[in-house]
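# Descriptive structure summary
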Amino acid sequence: MLQPSPAPAPALRSVLTALGSPTAVREARTPALQSHQGPLSPELHLPVHVLDVRDQVTPPAEPPRTRLTGWRFLIRGAERAVAAADAVLTPDGWSFSHFFEGPYLAATERALAQAESLPGTYQPRLLSVPDLYMLTLWLHGDTAADGAAGVPDPADLLIPLAPAPPGIASHRPYRVADLLPVLTLRLAPAPLFGSPAPAA
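Note that the structure is a prediction, hence the values are computed from the model and not measured.

Criteria and cut-off values
- Each chain carries its own residue numbering, running from 1 in the direction its sequence is written.
- For this predicted model, a pLDDT threshold of at least 70 governs which residues receive local features, and a threshold of 80 or more governs which side-chain atom pairs are given and counted, while totals over whole chains, interfaces and linings are taken from all residues.
- Side-chain numbers come from the whole structure's heavy atoms, not from hydrogens or water.
- Burial status follows relative accessibility: with a 1.4 Å probe on protein chains alone, a residue under 20% of its type maximum counts as buried, one over 50% as exposed, and anything between as partly exposed.
- Secondary structure is summarised from DSSP: a helix means a run of H or I of at least four residues, a strand means a run of E of at least two, and numbering begins at the N terminus for each.
- Any two strands are treated as partners once DSSP identifies two or more bridges connecting them.
- Among the buried residues, those of types Ala, Val, Leu, Ile, Met, Phe, Trp, Tyr and Cys that are joined through side-chain atoms within 4.5 Å form a nonpolar core.
- When checking whether two residues touch, look at their non-hydrogen atoms; a contact exists if any pair is within 4.5 Å.

With that settled, consider the pairing of strand 6 (residues 134–140). Here strand 6 lies mainly inside the structure; seven of its seven residues are buried. Side chains of strand 6 alternate between two faces, with Met 134, Thr 136, Trp 138 and His 140 and Leu 135, Leu 137 and Leu 139 buried alike. Alignment of strand 5 (residues 123–129) against strand 6, held across seven bridges, turns out to be antiparallel. From the neighbouring strand, Val 129 faces strand 6, where its bridge partner is Met 134. The turn linking strand 5 back onto strand 6 is made up of four residues, and Tyr 133 within it adopts a positive phi angle of 50°.

Turning next to the sheet that holds strand 7 (residues 157–160). An order of 4-3-2-1-5-6-7-8 is seen for the eight strands of this open sheet, with the pairing classed as mixed. Each edge of the open sheet carries a strand with a single partner, namely strand 4 (93–100) and strand 8 (174–175).

Turning our eyes to something else, we now look at the nonpolar core. Formed by 20 residues in total, the largest nonpolar core has its most connected members in Leu 2, Leu 74, Leu 126, Leu 137, Leu 139 and Leu 161. Going through the elements one at a time, strand 1 (41–51), strand 3 (81–90), helix 5 (103–116), strand 6 and strand 7 are the ones with two or more residues in this core. With five residues, helix 5 is the largest single contributor of residues to this core. Excluding residues within four positions of it along the chain, Leu 137 makes contact with Ala 111, Leu 112, Ala 115, Pro 124, Arg 125, Leu 126, Leu 157, Leu 158, Ile 159 and Leu 161. The next biggest cluster of nonpolar side chains, apart from the first, holds 17 residues, and it includes Val 15, Val 25, Val 82 and Trp 94.

See below:
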């Protein structure tokens, strides 16, 4: 079961304003949004956090650090999401950023459906790992937490969205404690040529 955190009202208003603007919709690179007939509404909202895995390499024992970069709204037509919209925090407050579509849109819907079938209750978030070109659905165990704050708990679940990096199965739930070491290993700096091998 999923319990989304409330999105900031100004972020939602900015998306609704853009959705009602023919210019904003026409200029977006979203053919499905432009060609859709009928009402559209921003239904599901997810906070988007970024994890810089390189920060986890040294020292590895420190808890992961994340930062909120915005809120993502799935724009739904009659039967499915046709696009998504991002709102970002600017010096003047929350502001609409852009509409988009692509493989992560369907992957997000699929991962959310998977999450609904898991035992337990979670707060859904998105966690981006830019260094690996990776996006995951982050299922946070503390449903009363502020969705805009906090760090992944070792027992939280991450569902990598397709396409996922090679060697990491998309749409498979991983515990943070299991997946994070894999990510940090991939981004650990390679030993310099001629440097001594680590002791066994």
